[in-house]
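# Reading the structure
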Amino acid sequence: MFENNESYLSTDVCPLVDELKRLKKSSSEAVDNDEEFSPFKMYMHIHRSLEDDLIKKIEKAKESTGKSLILVCGNVGDGKSHVISYLKHTRSDLLDDFIIHNDATESRSPNRDEKEELAMVLHNFSDSCIANDSDDKIIVAINLGVLSNFIDSEKGKGREFSILADYVNSNNILIDNIVGESLEQNSCFFHINFGDYHIFRLNNGTIDSPYIEEVIERIVCESDDNPFYQSYKKCSECSVDHCPVKANFEMLQNKKVVSGLINTLIETIVKDKVILSTRELLDFFYDIIVHPDFNKTKLSKLKNKLEQFIKYCLPSLMYEHEEASMLLSHLTKVDFINQRTELFDGITTRFNTTDKLTEMFESYIDVNPISNQIFSFDINALCEGSASKSKELKKLLFALFTRLCKISPKQSDFSIVNKEFNEFIADLYYSIRQDIKKLQKIYKTVEKCIYEWNGGSYGSKCINLRSDVEGYIVSTELDLEPDLSEFKSILTDEQFDKFPSYINLIFTKKKEKDKSATISIDYDLYKMLKLVENGYRPSAKDNNRYIGFLTFINRLAEFSGFDEEILIQSYIQDEEKQFNLSKDGFGYTFSEVK
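Below you will find a few notes about this structure. Model, not experiment: these values are computed from the prediction. (Residues numbered from 1 in each chain as written. Predicted model: local features only at pLDDT ≥ 70, side-chain atom pairs only at ≥ 80, totals over all residues. Heavy atoms only, no water.)

### Observations regarding the packing of helix α3 (residues 49–63) against helix α4 (residues 80–90)
Where α3 meets α4, the axes come as close as 11 Å, and the angle between the chain directions of the two elements is 65 degrees. The two elements α3 and α4 cross, and the hand of that crossing is right-handed. Of the residues in α4, those touching α3 at Leu50, Glu51, Leu54, Ile55 and Ile58 are Val83, Tyr86 and Leu87. When grouped by side-chain class, the residues that make up the contact of α3 with α4 number seven nonpolar, no polar and one charged. (Axes fitted to C-alpha atoms, helices over the stretch in contact; angles between N-to-C directions. Helix = DSSP H or I, 4+ residues; strand = E, 2+ residues; numbered from the N terminus. Left-handed = near helix turned anticlockwise from the far one by under 90°. Contact = heavy atoms within 4.5 Å. Nonpolar A, V, L, I, M, F, W, Y, C, P; charged D, E, K, R; others polar.)

Now the structure itself:
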């Protein structure tokens, strides 16, 4: 079905590697255009909910009278052009009336930059022409950065495209804040932001990714339509023993490994706020299957096959090549080898002192293609003695063992390492689903941290104000409560792939609902709040890092009436005293609290 011109009979050619190269960002297959949609792209196409939402926008614009502009926005490589090209070749009737501008990052003329090109394409949607009789229907695929530059340019800020700029800003297209489309009557503007759709979903309080799972399935499934699998079958004719590429490919056929891999990817995306496009995802799969130095001839001649196999296998490629891509650099932060828990410290000690390494692998790691390859070597005998070579091999095996515990564990005990992350995901899910009862715990955590962030005060409902005077703590009394007015009824949906990546909580002064402040909690802040709840006192560095939470506290302090009364504690020469500074109609009164 998919031809490959190079003969796999050549000793230097690996048909599987050659086919996998189509996944790389540098491959010609990574480029989409209107006029061509190859059989390979058709095979790799995976349906997503954003495709349905785009079709609805197109149908609505098609039915409207007069002109229509649909902005298909998103990040680089997230599939905007791919989906439009797919619809053009599968639903041509849908797009018959539309002009498609599929790459707003480039100009068609050397005499115009991209902003001038875009202004020309959108001429009939400029302020001076928007009311004319044109019936243009245009779809523009545009990166958020390009759209932001256009809106912020003189064309957007000036009078040329100010109506379009107002639409973009009122719909929060350029910020991470998902709102329903603000469509005024007779408006000619529509948009969909691919950046609002995650490649993973919240599913009943946990996370999964049918999309990533399907991408992997397209690469490894046993099908006559799968060009990768057809090349993989030729591996049986290969002269290389213990081939890491073959083993890595087979790892992605293992459902448990795929589950562990997807969880690791999502953990990285959430913790580091990684924007992962489909193009980068496909490039990642190539990177964890094929080592950058892979050479079929050299591998077949190697003597130290075990060492080389470990270095070339999937777990090592995931964590030891951070220079290869942005995603791989982020993955090093969740490398299991850096975990420090009582459970894992005990396993580490046992691994380093035992001479029965095979039993360690069998006890803690589920059967998978890589462990099977490892068992074909006598690793117990190879690691015997104190020779430097044996020590180096044992070090490599420990790194492999540790990383396999992450993606293919036999025991569920390792999930405790991610307890805090799992709690954040659950609270994020409950906030999106508007389940107030399930959010009670996180509200109590945040309320405690509001009072404890700058150090505990002598009043249970007092907020400490930051003071640069050593020996004194200045507080103001404030009784807070959660503002739950934004919550309506619990949503019936249990699965979400379009949601903000933070938890929004609102607090208000008790009995004064008109005074409220909102805090947006991402995973990083969530982790810090848990520490403060358990007694940790934030440092000056923490205050700089979490300036948003400090600003939130100061905003709440403004509700307290600290301009009318403050409480002061002094700690001078180990003598503790408390004072009250208050204001009434006669002026200020300063007194010691006995």
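### Quick word on the sheet that holds strand β12 (residues 512–521)
Here three strands make up an open sheet; going across it, the order is β9-β11-β12 and the pairing antiparallel. Whereas interior strands pair on both sides, the edge strands pair on one side only; in this sheet they are β9 (480–482) and β12. Taken over all neighbouring pairs, the strand axes of this sheet differ in orientation by 35 degrees on average, direction set aside. Relative to β12, strand β11 (residues 503–509) runs antiparallel, the two sharing seven bridges. Within the sheet, the bridge partner assigned to Thr508 lies in β12 and is Ser516. Helix-sheet contacts for helix α28 (residues 547–557) involve β9, β11 and β12, and the interaxial angle to β12 is about 175 degrees. (Pairing = 2+ DSSP bridges.)

### Considering the packing of aromatic side chains
Scanning the model with the defined rule gives 26 aromatic pairs in all. With 6.3 Å between their ring centres and 45 degrees between their planes, Phe125 and Phe189 make a pair best called tilted. Taken together, the residues Phe125 in the loop between α6 (114–121) and β3 (137–143) and Phe189 in strand β4 (residues 189–193) connect sequence positions 64 residues apart. On the basis of relative accessible area, Phe125 is assigned to the buried category, the value being 0%. On the accessibility criterion, Phe189 (4% relative accessible area) is buried. Each ring, one from Phe351 and one from Phe361, has its centre 6.5 Å from the other, and the planes form 65 degrees; the classification is edge-to-face. Separated by 10 residues along the polypeptide, Phe351 in helix α19 (residues 342–353) and Phe361 in helix α20 (residues 357–364) bring together distant segments of the chain. (Phe/Tyr/Trp six-rings, centres within 6.5 Å; stacked < 30°, edge-to-face > 60°. Buried < 20%, exposed > 50% of the residue type's maximum accessible area, 1.4 Å probe, protein only.)

### Points about the environment of Leu357
With respect to the helices, strands and loops of the structure, Leu357 is situated in helix α20. It is 9.6 Å that separates the C-alpha atoms of Leu357 and Asp378, two residues lying 21 residues apart in sequence. Ignoring sequence-local partners within four residues, the contact set of Leu357 consists of Phe351, Ile379, Asn380, Cys383, Lys394 and Leu397.

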